[in-house]
Amino acid sequence: MPVEITRRDYSLVGRDSRFAVEMGLASAEWYACPIPRKRLKQLMQRRDGPPIRDTLLWFALLGLTGWLGCHFWGTWWCVPAFIAYGVLYCSCSDSRWHECGHRTAFKTTWMNDVVYEMASFMVLRESTPWRWSHTRHHTDTIIVGRDPEIAVPRPPDILGIILGFFSLKSGPKEYKKILLHCLGKLTAEEKTYIPETEYRRVFWTARVWVLVYVTVIAWAIAARSLLPLMLIGLPSFYGAWLLVIFGLTQHAGLAENVLDHRLNCRTVYMNPVFRFVYWNMNYHLEHHMFPMVPYHALPALHQEMKADTPKPYRGLIEAYREIIPAIWRQVKDPAYYVKRELPPSAKPFPASVPTAQAA
Amino acid sequence: MNDGWIKTCNVDDVEPEDVLRFDHGEQTFAIYRTTDDKFYATDGLCTHQKVHLAGGFVMDHLIECPKHNGRFDFTTGQAKGAPVCVDLKTYPTRVENGEVFIRIG
């Protein structure tokens, strides 16, 4: 039987935004797994040691692969060097941007802020607008018309997803916004989640970014070489593919408009190298439910919660065996989504909590 | 109640470097205990999204909101940066016979 395709309105100022508010889905109370306060307090403890170690290693690897890329420039050997450099520059920055944006990675606040600003530039996300957009993502996770960070709206845009592997869709949009911010303007959607007190910071950061880009482009022209741009600027595009592979596992294909992170987030087990690149963001359900827990404590938090959460995925392959068919099906059937099964030991989704799954 | 002072909890109800929720009528408060056993009180809800701060994390003199990691200095109520922009109201406290009082009048 053909399924009626109803387009949802993912804009933050449209029909579904009003609907979310009317349904009590906006700024609502979410389910939280019961964890004794004493244990949660232990898990929330901040440390500087693990993030300093990881950040020094990250910088060292960036320096090494960047140097190799420059050294072998003009030969085919520079290709693997720049593939690694690009991943470290852009995909690795995604998780640093994320954890430092929450200010949970380091115990010392200024360290979070410095790494956050750097990573924002490298992953091509303006620091202030994206801080506020991510705040909204946590308030209203995958609530249509409220969450500005729904990666795969329904029906999915397959070409857009493919272009996303090299930021070819989001990158130009981001540059347009940077230029708009340089002129002292914001989009209508941004005004719904960025407070006025932050506007000046948005505008001045955008101007600094443009200055950096202009300097690098001038350097490339003066040197008559693409190399400066291969080091600064272009890696935000050619190094984005791994962050997309990781990022799609977070919510793609899962339920919209539910107030239970167990039903709209995935936890995917990953090997230590991937967990270094992703700073344990693969424990995504845990992070959403308890965002005060730093990345290095997420595996321990997972152990505390797992009896109350759906089965985690054993790896990327298992996750994508679910995600790819789900996205494909949603192209023709936007009402379809993957229903996560809670284990028998789990507390049920509270019946009193509003849901609005129908498309 | 005496001159606006009300009992909130016993000293031992709050662990050092932790926070406790206290509801009084329509109002809700957060009671903090520092590592040197000083007590402080603020409004119980984050000024950003009305989330109970008692579910948050206490570090030195800071309370971090459990939802968006916004931080306040609970000794002064000062908001310490995005995503919190509005300060938190604070209340005087006093400890008598192992009980913590706050003045809300």
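Residues numbered from 1 in each chain as written. Chains lettered and ligands numbered in written order. Predicted model: local features only at pLDDT ≥ 70, side-chain atom pairs only at ≥ 80, totals over all residues. Heavy atoms only, no water.

J.: What exactly am I supposed to notice about the interface of chain A and chain B here?
T.: The extent of an interface is frequently quoted as the accessible surface area lost upon association of the parts. Of the residues lining the interface, 22 residues belong to chain A; the matching set on chain B comes to 22 residues. Together chain A and chain B conceal approximately 1900 Å² of surface at their shared face, both sides included; 46% is due to carbon and sulfur atoms. Considering only the side of chain A, the residues that lose the most area to chain B are A:R37, A:K41 and A:R103, jointly responsible for 28% of the buried surface there. Counting across the interface, chain A meets chain B through five salt bridges. The closest approach of N and O atoms between B:E15 and A:K38, which form a salt bridge, is 3.9 Å. (Contact = heavy atoms within 4.5 Å. Buried area = accessible area lost by both parts, 1.4 Å probe. Salt bridge = Lys/Arg side-chain N within 4 Å of Asp/Glu carboxyl O.)

J.: Explanation requested: the sheet that holds strand β9 (residues 93–96) of chain B in the structure shown.
T.: The strands that make up a sheet are held in pairs by hydrogen bonds between backbone atoms, and each pair lies either parallel or antiparallel. Residue and element names in this part refer to chain B. Taken together, the three strands give an open sheet; going across it, the order is β1-β10-β9, and neighbouring strands pair in antiparallel fashion. Looking at the sheet topology across the chains shown, the edges are occupied by β1 (5–10) and β9. For this sheet, the mean inter-axis angle between neighbouring strands, taken without regard to orientation, is 30°. (Pairing = 2+ DSSP bridges. Helix = DSSP H or I, 4+ residues; strand = E, 2+ residues; numbered from the N terminus. Axes fitted to C-alpha atoms, helices over the stretch in contact; angles between N-to-C directions.)

J.: What is the right way to look at the side chain of A:K41 in this model?
T.: Looking at the secondary structure, you find A:K41 in helix α2 (residues 37–44). Those residues in contact with A:K41 that sit more than four places away from it in its chain are B:E15, B:P16, B:E17, B:D18 and B:F57.

J.: So what exactly am I meant to see when it comes to the pattern of salt bridges here?
T.: Note that side chains of opposite charge can pair when their charged atoms are close. Taken as a whole and assessed by the stated rule, the structure comprises 27 salt bridges over all chains. When the shortest N-O distance is used, the salt bridge between B:E15 and A:K41 registers 3.4 Å. Here A:K41 lies in helix α2 and B:E15 lies in the loop between β1 and β2 (18–24), a pairing that spans two chains. A relative accessible area of 11% means that A:K41 is categorised as buried. (Buried < 20%, exposed > 50% of the residue type's maximum accessible area, 1.4 Å probe, protein only.)

J.: Before we go on, may I ask you to explain unusual backbone geometry in this structure?
T.: All names here are of chain A. Residue P155 follows R154 across a cis peptide bond; omega there is -5°. Relative to the elements of secondary structure, P155 occurs in the loop between α6 (127–139) and α7 (158–164). For S27, which is not a glycine, the phi torsion comes out positive at approximately 50°. With respect to the helices and strands, the residue S27 is situated in the loop between α1 (15–22) and α2. Within the chain, L124 stands out as a residue other than glycine whose phi angle is a positive 60°. For L124, the location among the structural elements is in the loop between α5 (109–122) and α6. On the basis of relative accessible area, L124 is assigned to the buried category, the value being 6%.

J.: Just to check I follow, could you spell out the nonpolar core for this structure?
T.: Nonpolar side chains tend to gather and get buried jointly when the protein is soluble and globular. Among the nonpolar cores identified, the biggest contains 55 residues, and A:W58 and A:F82 are the most heavily contacted of them. Aside from chain neighbours lying at most four places away, what touches A:F82 is A:G69, A:C70, A:W73, A:L227, A:M230, A:L231 and A:Y238. A:Y283, A:L285, A:V293 and B:F57 belong to the second-largest nonpolar core, a separate cluster that totals 19 residues. (Core = buried A, V, L, I, M, F, W, Y, C linked by side-chain atoms within 4.5 Å.)

J.: Explain the environment of B:L20 here, please?
T.: Residues and elements named next belong to chain B. Summarising the element assignment, L20 is placed in strand β2. A sequence separation of 13 residues divides L20 from R33, and the C-alpha atoms of the two residues are 8.7 Å apart. Once residues within four sequence positions are removed from consideration, L20 is found in contact with C9, D13, V14, F29, A30, I31 and A54.

J.: Help me out: how do you make sense of the sheet that holds strand β5 (residues 57–59) of chain B in this one?
T.: Residue and element names in this part refer to chain B. Judged by pairing direction, the sheet is antiparallel, and its three strands sit side by side in the order β5-β6-β7 without closing on themselves. If you trace the sheet from one side to the other, it starts and ends with β5 and β7 (71–73), each paired once. Along the sheet, successive strands turn relative to each other by an average axial angle of 25°, direction set aside. Taken together, the three bridges between β5 and strand β6 (residues 62–64) define a ladder with antiparallel strand orientation. The residue of β6 that forms the bridge with M59 is L62.

J.: Looking at this model, I keep getting lost on the pairing of β2(B). Mind explaining?
T.: On a regular strand, each side chain points to the face opposite its neighbour's, so the side chains alternate between the two faces of the sheet. Residue and element names in this part refer to chain B. Pairing geometry for β2 and strand β3 (residues 27–33), over seven bridges, is antiparallel. Residue pairing for β3: D23 is matched across the bridge by T28. Hairpin connection of β2 to β3: two residues between the antiparallel strands, including G25 at a positive phi of 60°.

J.: Could you clarify how one ought to interpret the environment of A:L62 in this entry?
T.: Residues and elements named next belong to chain A. Topologically, L62 is positioned in helix α3 (residues 49–71). In this structure, the C-alpha to C-alpha distance between L62 and D16, residues 46 residues apart in sequence, is 43 Å. With residues up to four places along the chain from it excluded, the contact list for L62 reads Y85, L88, Y89 and M122.

J.: Would you take a moment to explain the packing of α3(A) against helix α4 (residues 78–101) of chain A for this structure?
T.: Packed helices, taken two at a time, are described by the angle between their axes plus the distance between the axes. All names here are of chain A. Between α3 and α4, the shortest axis-to-axis distance is 8 Å and the interhelical angle comes to 150°. One element, α3, and the other, α4, form an angle in the roughly antiparallel class. For the element pair α3 and α4, the recorded crossing hand is left-handed. Listed contacts from α4 to D54, W58, L61, L62, T65, G66, L68, G69 and C70 of α3 are C78, A81, F82, A84, Y85, L88, Y89, C92, S93 and R96. A class-by-class count of the residues in the contact of α3 with α4 yields 13 nonpolar, four polar and two charged. (Parallel < 35°, antiparallel > 145°, perpendicular 65-115°, else oblique. Left-handed = near helix turned anticlockwise from the far one by under 90°. Nonpolar A, V, L, I, M, F, W, Y, C, P; charged D, E, K, R; others polar.)

Any functional reading would require information beyond the geometric quantities listed.
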